[in-house]
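Chain residues, written in single-letter form:
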2 protein chains.
Amino acid sequence: MGYQVAVPPRRLDATFAALADPTRRAILHRLASGEASVTELAEPFAMSQPAISKHLKVLERAGLISRGRDAQRRPRRLEPAPLAEATHWLEAYRRLWEASFQRLDTLLDEMKTHNKKKRAPSPRGKRR
Amino acid sequence: MGYQVAVPPRRLDATFAALADPTRRAILHRLASGEASVTELAEPFAMSQPAISKHLKVLERAGLISRGRDAQRRPRRLEPAPLAEATHWLEAYRRLWEASFQRLDTLLDEMKTHNKKKRAPSPRGKRR
């Protein structure tokens, strides 16, 4: 995948700040399955429409959503490019957590082997 | 890779909020190559040590860094688990941006084909 463009720091700031809220993440989740009007987006939340609109503004400023052409509904649509950029930034650290999971796996394996040795006495021992 | 644990929303909030700052991202970048004391971390930035300490507190509260045992240096170390969780959340959207890059590729291919057809007239046409 050819997405290797250097991302201006401010764009990453805006993307990560927009993602730091559960309602905004839920809105993106909803939009991942298709565009939706503000009313439709507000429905599942115990929130006023102005409160939802505020969240939508944050997402829009971060370039994570855009508005459709239908003048009446003004449906919102997910714009995945900033999510790709954020993932690209995080990917650089993948080797670090993969290494730490590897260490954890090794530790668990060692513990299992150790426990097996302790728990399974020889058949002779069992019959005594 | 078996990292499929559901992450509490507050942890993701804290992780994304911590990542929404270029200095904090630069600190993580530095720590990716090994632990470092606060003084060492402050060096490359035109920032006071208290200012850096504030950023370190945000990173620490988000679980992105921890303190080493050396009582004098108190070196900071990167903790990659929250980065793994954030990437895991973003991965769910990968198919969306891959689809949109695909559409872009198709569009570019179509434009190339179209331009070739326009620019390369038949030899007969050229000699006319």
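Heads up: the structure comes first, above all this text.
Residues numbered from 1 in each chain as written. Chains lettered and ligands numbered in written order. Predicted model: local features only at pLDDT ≥ 70, side-chain atom pairs only at ≥ 80, totals over all residues. Heavy atoms only, no water.

### As for the overall build of chain A
1) Next: Along chain A, the regular secondary structure elements total 7 helices and 2 strands.
2) Next: Each helix (α) and strand (β) of chain A, taken in turn from the N terminus, gives the series α-α-α-α-β-β-α-α-α.
3) Next: When each of the 128 residues of chain A is scored for burial, the buried share is 37%.
4) Next: Considering only residue pairs separated by 6 or more positions, chain A has 52% of its internal contacts joining residues 24 or more positions apart. (Helix = DSSP H or I, 4+ residues; strand = E, 2+ residues; numbered from the N terminus. Buried < 20%, exposed > 50% of the residue type's maximum accessible area, 1.4 Å probe, protein only. Contact = heavy atoms within 4.5 Å.)

### Points about the interface of chain A and chain B
1) Next: Taken together, the contact between chain A and chain B spans 32 residues of the former and 32 residues of the latter.
2) Next: Where chain A abuts chain B, roughly 2,900 Å² becomes buried across the two surfaces, and 75% of that area is made up of carbon and sulfur atoms.
3) Next: Broken down residue by residue, the surface that chain A buries against chain B is led by Arg25(A), Tyr93(A) and Phe101(A), which jointly contribute 20%.
4) Next: Here chain A and chain B share 4 salt bridges between them. (Buried area = accessible area lost by both parts, 1.4 Å probe. Salt bridge = Lys/Arg side-chain N within 4 Å of Asp/Glu carboxyl O.)

### So, the relation of the copies chain A and chain B
1) Next: Laying chain A over chain B is done by rotating through 180 degrees and shifting 0.0 Å along the axis; what remains is an RMSD of 0.3 Å. Interpreted geometrically, this transformation is the action of a two-fold axis.
2) Next: Both copies share a contact surface, since 100% of the interface residues of chain A are interface residues in chain B too. (Least-squares fit on C-alpha atoms with pLDDT ≥ 70 in both.)

### Topic: the pattern of salt bridges
Charged atoms that come close allow side chains of opposite charge to pair.
1) Next: Scanning the model with the defined rule gives 16 salt bridges over all chains in all.
2) Next: Residue Glu60(A) pairs with Arg67(A) through a salt bridge whose shortest N-O separation is 3.1 Å.
3) Next: The salt bridge partner of Glu91(A) is Arg94(B), with a shortest N-O separation of 3.4 Å. Of the two residues, Glu91(A) is situated in helix 5 (residues 81–91) and Arg94(B) in helix 6 (residues 94–119); the pairing between them involves two chains.
4) Next: Residue classification places Arg94(B) among the partly exposed residues on the basis of a relative accessible area of 25%.
5) Next: Through salt bridges that share partners, Glu91(A), Arg94(A), Glu98(A), Glu91(B), Arg94(B) and Glu98(B) make up one connected network.

### Section: a nonpolar patch on the surface
Residues and elements named next belong to chain A.
1) Next: On the surface, Leu-104, Leu-107, Leu-108 and Met-111 cluster together into a nonpolar patch covering about 360 Å² of accessible area.
2) Next: With respect to the element layout, Met-111 can be found in helix 6 (residues 94–119).
3) Next: On the basis of relative accessibility, which here comes to 45%, the residue Met-111 falls in the partly exposed class. (Patch = residues over 30% accessible without salt bridge, like charges linked within 9 Å, V, L, I, M, F, W, Y side chains within 5 Å. Areas by Shrake-Rupley, 256 points an atom, 1.4 Å probe, with all protein chains shown as cover.)

### Regarding the packing of helix 2 (residues 22–31) of chain A against helix 4 (residues 49–61) of chain A
Residues and elements named next belong to chain A.
1) Next: Packing of helix 2 against helix 4 leaves a shortest axis separation of 10 Å and a crossing angle of 75 degrees. For the element pair helix 2 / helix 4, the angle class is roughly perpendicular. Contacts from Thr-23, Arg-24, Ile-27 and Leu-28 in helix 2 reach Ile-52, His-55, Leu-56, Val-58 and Leu-59 in helix 4. (Axes fitted to C-alpha atoms, helices over the stretch in contact; angles between N-to-C directions. Parallel < 35°, antiparallel > 145°, perpendicular 65-115°, else oblique.)

### Section: helix 5 (residues 81–91) of chain B
1) Next: With 8 of 11 residues buried, helix 5 of chain B is to be regarded as a mostly interior element.
2) Next: All buried positions along helix 5 of chain B are accounted for by Pro82(B), Leu83(B), Ala84(B), Glu85(B), Ala86(B), Thr87(B), Trp89(B) and Leu90(B).

### Some points on the environment of Ala62(B)
1) Next: With respect to the helices, strands and loops of the structure, Ala62(B) is situated in the loop between helix 4 (49–61) and strand 1 (65–67).
2) Next: Setting aside residues no more than four positions away along its own chain, Ala62(B) makes contact with Ala14(B), Thr15(B), Ala18(B) and Pro82(B).

### Let's talk about the side chain of His55(B)
All names here are of chain B.
1) Next: Mapped onto the fold, His-55 is located in helix 4.
2) Next: The buried category is assigned to His-55, whose relative accessible area is 14%.
3) Next: At 3.1 Å, the side chain of His-55 and the side chain of Arg-24 are in polar contact. (Polar contact = N/O pair within 3.5 Å; in protein donor to acceptor, adjacent residues only side chain to side chain.)

### Here's the deal with the packing of aromatic side chains
1) Next: Enumeration over the complete set of coordinates arrives at 5 aromatic pairs over all chains.
2) Next: Taken together, a centroid distance of 4.9 Å and an interplanar angle of 40 degrees make the contact between Trp89(A) and Tyr93(A) tilted.
3) Next: Here Phe16(B) and Trp89(B) contribute two aromatic rings whose centre-to-centre distance is 5.9 Å and whose plane-to-plane angle is 75 degrees, an arrangement assigned as edge-to-face. Taken together, the residues span a long stretch of sequence, with Phe16(B) in helix 1 (residues 9–19) and Trp89(B) in helix 5 at a distance of 73 residues.
4) Next: Here Trp89(B) falls in the buried class, since its relative accessible area comes to 16%.
5) Next: Three or more aromatic residues joined by ring pairs make a cluster, and in this case those are Phe16(A), Trp89(A), Tyr93(A), Phe16(B), Trp89(B) and Tyr93(B). (Phe/Tyr/Trp six-rings, centres within 6.5 Å; stacked < 30°, edge-to-face > 60°.)

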